Amino acid sequence: MTVPLQVLVTGATGRTGSLVVRELQQHPNQFMVRGFARSREKVEQAFGTTEGFYFGDIREPSTLTSALADCQALVILTSAVPQMKGIPQPGERPEFTFPADEMPEVIDYQGQVNQIEAAKAAGVKHIVLVGSMGGTNENHPLNRISNGNILVWKRKAEQELIDSGIDYTIIHAGGLLNEPGGKRELLVGKDDTLLINPPGGIPTSIPRADVAQLVMQALLEPNARNKAFDTISKPENAPDASVTRDFAAIFAQTTPGL
Ligand SMILES: NC(=O)c1ccc[n+]([C@@H]2O[C@H](COP(=O)([O-])OP(=O)(O)OC[C@H]3O[C@@H](n4cnc5c(N)ncnc54)[C@H](OP(=O)(O)O)[C@@H]3O)[C@@H](O)[C@H]2O)c1
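So, how was this worked out
- Residues numbered from 1 in each chain as written.
- Predicted model: local features only at pLDDT ≥ 70, side-chain atom pairs only at ≥ 80, totals over all residues.
- Helix = DSSP H or I, 4+ residues; strand = E, 2+ residues; numbered from the N terminus.
- Rg over C-alpha atoms; globule rule 2.2 N^0.38 Å.
- Buried ≥ 20, exposed ≤ 12 C-beta atoms within 10 Å, placed from the backbone.
- Contact = placed C-beta atoms within 7 Å.
- Near = placed C-beta within 6 Å.
- Axes fitted to C-alpha atoms, helices over the stretch in contact; angles between N-to-C directions.
- Parallel < 35°, antiparallel > 145°, perpendicular 65-115°, else oblique.
- Left-handed = near helix turned anticlockwise from the far one by under 90°.
- Pairing = 2+ DSSP bridges.

Q: What exactly am I supposed to notice about the overall build of the chain here?
A: Within the chain one finds nine helices and twelve strands. A compact globule built from 258 residues would reach a C-alpha radius of gyration of about 18 Å, and the chain, at 18 Å, matches this within 12%. Oriented by its inertia axes, the alpha-carbon framework of the chain measures out at about 50 × 45 × 35 Å. Expressed as a percentage of the 258 residues in the chain, the buried residues total 44%. Nonlocal contacts in the chain, meaning residues at least 24 apart in sequence, comprise 76% of its contacts between residues at least 6 apart.

This is the structure we're talking about:
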């Protein structure tokens, strides 16, 4: 009998983080899952209990210590979240900004580095980090939100993860969809090639549930260690698609380094 892997998932109240917590909870023989969040209320709303959750803020490294004690793996699913600036008038485009104390440099860089350092101090052996495609283009429109350079800061933190010496799996997701998982063929790539030139011109998106599945499989598959990759999905029911079930084969296509 194998001992379940003790895993902490941060961003546990987030749209993908909450799916990862649920996915891991469904496999108690393989995982003992803890969630990390900053809002008790959100955890209670999403999970109906706060049992198994640790509360803190990734800007405050000391709040990560007890959450990571005795963990073998960490899943980083925190991110600065753009918010709409007021309500747009009819015909106006909505404008987005970040709260002043939650700019990408603070959350997506320092906050992730705090997690990596706390994980290293706790003896964590593997970190799975979900980031974003588009990071090779400094002029990407997402970088212009409040001049926050979100994709630039995300990449800097990912490089720190690689340099940390802890085993890593970095998943650069395409546009995230709130759609069911397990119904699509997943594609992996590197350096934004899937974004710049998607095969057959397909949308460069992927359901959050499929990303959650990739995270779980990455925790299990040795071949996912020390890899970074982009991922999108073929549309559901695409005539040339076969639903992805062999994750070892997916990870075999991925490579080390950003
Ligand atoms: N949206 C897209 O289409 C897209 C595309 C590609 C990649 N991505 C990336 O994929 C990842 C997951 O995205 P998502 O949309 O599922 O995430 P999300 O719903 O925006 O969740 C972000 C999480 O980070 C938490 N968080 C933020 N600041 C924190 C802090 N200071 N301390 C503790 N927790 C904090 C939030 O907590 P609260 O719940 O308390 O706010 C939330 O749980 C992100 O890195 C995102 O950039 C997104």
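Q: Hey, could you run me through the site of the ligand in this one?
A: The ligand sits among 25 residues. The nearest are Gly11, Gly14, Thr16, Ser79 and Ser132. Only helix H4 (104-122), strand S7 (126-132) and strand S9 (175-177) provide two or more residues apiece to the shell around the ligand. If you tally residues by element for the shell around the ligand, the top one is S7, at three residues.

Q: When you look at the packing of helix H1 (residues 17-25) against helix H8 (residues 208-220) in this model, what are you seeing that I'm missing?
A: If you want to describe how two helices pack, look at the angle between their axes and the distance between the axes. In contact at an axis separation of 9 Å, H1 and H8 are set at 50° when each is read in the N-to-C sense. Classified by the angle their axes make, H1 and H8 are oblique. Pair H1 / H8 crosses with right-handed handedness. Counted together, Leu19, Val20, Glu23 and Leu24 of H1 and Arg208, Ala209, Ala212, Gln213, Val215 and Met216 of H8 form the full contact between these two elements.

Q: Explain the sheet that holds strand S3 (residues 53-55) here, please?
A: Within a sheet, each strand pairs with its neighbour through backbone hydrogen bonds, oriented either parallel or antiparallel. With mixed pairing, the eight strands of this open sheet are ordered in space as S3-S2-S1-S4-S7-S8-S12-S10. Pairing within the sheet leaves two strands with one partner each, and these edge strands are S3 and strand S10 (186-189). Direction aside, the axes of adjacent strands within the sheet are offset by 25° on average. In this sheet, strand S2 (residues 31-37) lies alongside strand S1 (residues 5-10) in parallel orientation, the contact comprising six bridges. The partner of Gln6 across the bridge, within S2, is Met32. Strands S1, strand S4 (73-76) and S7 of the sheet are contacted by H4, whose axis makes an angle of about 175° with S4. Of the strands in this sheet, S1, S4, S7, strand S8 (167-173), S10 and strand S12 (227-233) touch H8, which is tilted by about 155° from S7.

Q: I'm lost on unusual backbone geometry in this one. Help?
A: Leaving glycine aside, a negative phi is the common case for residues, and trans is the common case for peptide bonds. Even without a glycine there, the phi angle at Ser146 is positive, about 50°. By secondary structure assignment, the location of Ser146 is in the loop between helix H5 (141-144) and helix H6 (150-163). Residue Ser146 is classed as partly exposed on the basis of its 19 C-beta neighbours within 10 Å. Even without being glycine, Asn226 reaches a positive phi, approximately 60°.

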